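# Report on the structure
Single-letter residue listing:
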Amino acid sequence: MLPSYIQDSWWTPEDPQKVAEVHDASTGEPVCRISTDGLDTRAAVEHARSVGQAGLGELTIHQRALRLKHIAGYLDEHKEELYALSDRTGATRRDHLIDVDGGIGTLRVFSSKGRKELPNTNVIIDGDVEQLSRDGSFLGEHIYTRLTGAAVQINAFNFPVWGMLEKLGPSFIAGVPTIVKPASQTAYVTQACVRLMLESGLVPDGAIQLISGSARDLLDHLDHRDHVAFTGSAATAQMLRSHRNVQEGGVRFTAETDSLNAAILGPDAGPGTPEFDAFIKSVTLEMTAKAGQKCTAVRRTIVPSEHVDAVVEALRSRLESRVVLGDPRDEATTVGALASKDQQAEVGRAVQTLLSAGGTLCLGGPEGDVGTADAEAGAFFPPTVLSFDDARTPEVHAVEAFGPVTSVLGYADVDDAVELAALGGGSLVATVCTHDPETAAAFARGIGSHHGRVLFLDHDDAKTSTGHGSPLPHLVHGGPGRAGGGEELGGGLRAVKHYMQRTAVQGSPDLLTGVTGVWHRGARANTATPATVASGEAVHPFRKSLAELRIGDQFASGLRTVDLEDILAFAESTGDTFYAHTDEEAAMANPFFPRRVAHGYLLVSWAAGLFVEPAPGPVLANTGLENLSFQTPVTYDDSIRVTLTAKQIIPRETDDYGEVRWDTVLHNQHDEVVATYDVLTRVAKEKKPEWA
């Protein structure tokens, strides 16, 4: 009996009344039995909200992200075990790279991006501060904080590893515990992956639970604190969406569902072009990877009407020459079985529906040749190509055969192709194969609103493209309409924010500094000046290690006067002889300048000279500046001063240093703001690192 993992222990039913048997997709042999009779889903939810929340909450965003890196490393060391189990699902070695290695790689990407792009706290600021009062005493901004409930995953059978890990990565970084409910057909692979993660010792108590089998009452125990991410059929998604706790209780619900994705051959990409060859290769790859059991697979191949026959022939030739159906444990096999006999029958029914609607069978089909594969025992289905005389046949834009099946449709012009793509009712992804930028732009405008992602393929990117069917953690994975209307991956760290609440906060600079851990202008500061530093009354912030530095530590310089000779010398040495710096008459004719003015970059350079403490010390490097804005021009005989404040401190979990962001403001002698920006530095955690 395949165990579940509930409340930090493995669980199997004592006397199950309802048991499902899972079979090897290629041989039909029994693999495991599944039942959740007696499983307490309410207790699982409460355990996530209490123990799981506490365990993850003890860690910062960076600490959780770092654990993901080590979890990924542990899974990578043991992935052969996952490969061996995945063989039983009908997946080939190439398919394992998509599912197992793809899932592990996704964890690594989220780990890296989380540590590079997010603060090492548990609050994320979103956007700029809004000034809500004239004197700056009342501010507003938005923050993200983690949800206080559970992240419930309901996953499909086709990606038992990646499907779990691509949802777990963002929710784990956000700090929200996960309850995983995999599809029964391949749950034994997911269970093994969860077991390995737990064996790593890197998962806090309550951070992950697993329901191996039915969880029909799970949504009964969820509320507005919780998030459900569903992958599967549109019908099941609609059933879950209609649950009262989603409709009335505020459960956050994201779905990724059926998708009749299209590959579109541009009018310039006919036979004999490298784009045509790349197109055929892409479509056949999407038909055969995971035996076509991918939510991103190409279901509709949309091509210029005059090229339909050529495309059909090219697909037939490539598939017949390269496809060997069989048990994936046989090294000769290139395409494995569908996940189950039920799935085989369902694909057969869908193909028959398409044929009955007017489709012409060009290759394969329910009765097609499966070669030496054991068609009686295994769930094999041959690659199948259909064509339609009427490209607007309703069924071809509504019926998805979730297997190695595509339909070739002809179009008259770009507008016609756009309309055909839109008939799918919303898709995860489309590929447009063209080398013409104007054609690409026309398709982007025409089909962008109907798709979550569009791949533009030509001979320049054909070798480097990650492909039509490869969702990436860096980009959105989801789509409108039939595709579910949600985002399984939000495009980089937006996915993390799916498991957080965006809240507007209002208050004084001091209070918002306390809430966010980021200094706000107007908040209290510990100010040092050249005089207090020289007398020993204060310590220059650049002399403080991360162990000593605090948000609000500040240095306020004295004034430095700008001479005309300084401006001209800078123009001469840099080659920046723009007239506003060198031509008095032309500068005065400009409505923005009173006369010749100092270069903005001269002022920024001088500002560094005004605030830098030159001796070797905790500040190791200046890594850049951001958000530079010049606000008031500075002419000769004006003076400038700089105020530098420790705005944000980000310790690095794996290094002897961290990042410090310094709020920097330049004023002139009239206390007018000249420029604002952030200075970025790396600062040692201790005054004397081991390598110093």
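Rules used throughout
- Residues numbered from 1 in each chain as written.
- Predicted model: local features only at pLDDT ≥ 70, side-chain atom pairs only at ≥ 80, totals over all residues.
- Heavy atoms only, no water.
- Helix = DSSP H or I, 4+ residues; strand = E, 2+ residues; numbered from the N terminus.
- Contact = heavy atoms within 4.5 Å.
- Areas by Shrake-Rupley, 256 points an atom, 1.4 Å probe, with all protein chains shown as cover.
- Lys, Arg positive; Asp, Glu negative; His and termini not counted.
- Charge placed at Lys NZ, Arg CZ, Asp CG, Glu CD.
- Buried < 20%, exposed > 50% of the residue type's maximum accessible area, 1.4 Å probe, protein only.
- Arc of directions from axis to C-beta.
- Expected span 1.5 Å × (residues − 1).
- Polar contact = N/O pair within 3.5 Å; in protein donor to acceptor, adjacent residues only side chain to side chain.
- Phe/Tyr/Trp six-rings, centres within 6.5 Å; stacked < 30°, edge-to-face > 60°.
- Lys NZ or Arg CZ within 6 Å of the ring centre and 35° of its normal.

## Examining the overall build of the protein chain
If you tally the helices and strands in the protein chain, you get 20 helices and 28 strands. With the C-alpha coordinates of the protein chain rotated into their principal frame, the extents come out at 90 × 65 × 50 Å. A sequence separation of at least 24 residues applies to 74% of the contacts in the protein chain between residues at least 6 apart. Entry remark: accessible area of the protein chain is about 28,800 Å², with carbon and sulfur atoms responsible for 49%. Looking at the protein chain, you have 60 positive and 92 negative side-chain charges, and the mean spots of the two groups are 5 Å apart.

## Side note on helix α13 (residues 437-447)
For an α-helix the count is 3.6 residues per turn, leaving residues at separations of three or four pointing the same way. Among the residues making up α13, those that are buried are T439, A440, F443, G446 and I447. Viewed along the axis of α13, the buried residues span an arc of 135 degrees, placing them on a single side of the element. Along α13, the residues that are exposed and aim more than 90 degrees away from the buried face are P437, E438 and R445.

## Some points on helix α1 (residues 41-57)
Look at α1: 22 Å from first C-alpha to last across 17 residues, which is about the 24 Å you get at 1.5 Å a residue. Among the residues making up α1, those that are buried are T41, A43, A44, V45, H47, A48, R49, G52, Q53, G55 and L56. For α1, the capping residue at the N-terminal end is D40, with a side-chain oxygen 3.2 Å from the backbone nitrogen of R42.

## A few points about the packing of aromatic side chains
In this structure the tally under the stated criterion is seven aromatic pairs. Ring centres of F542 and F611 lie 5.9 Å apart, and the angle between their planes is 70 degrees; on these two criteria the pair is classed as edge-to-face. A residue pair is termed long-range when its members are at least 10 positions apart, and F542 in the loop between α16 (530-535) and β23 (553-556) and F611 in helix α20 (residues 600-611) qualify at 69 residues. Of the two residues, F542 and F611, both sit in the buried class. An aromatic cluster of at least three residues, connected via ring pairs, comprises F542, F611 and W662. A cation over a ring is seen here: K290 above F159, with NZ or CZ 5.0 Å from the ring centre. Across the ring face of W606, the terminal group of R560 is positioned such that the distance to the ring centre comes to 3.6 Å.

By themselves, these are just geometric observations and shouldn't be taken as functional.
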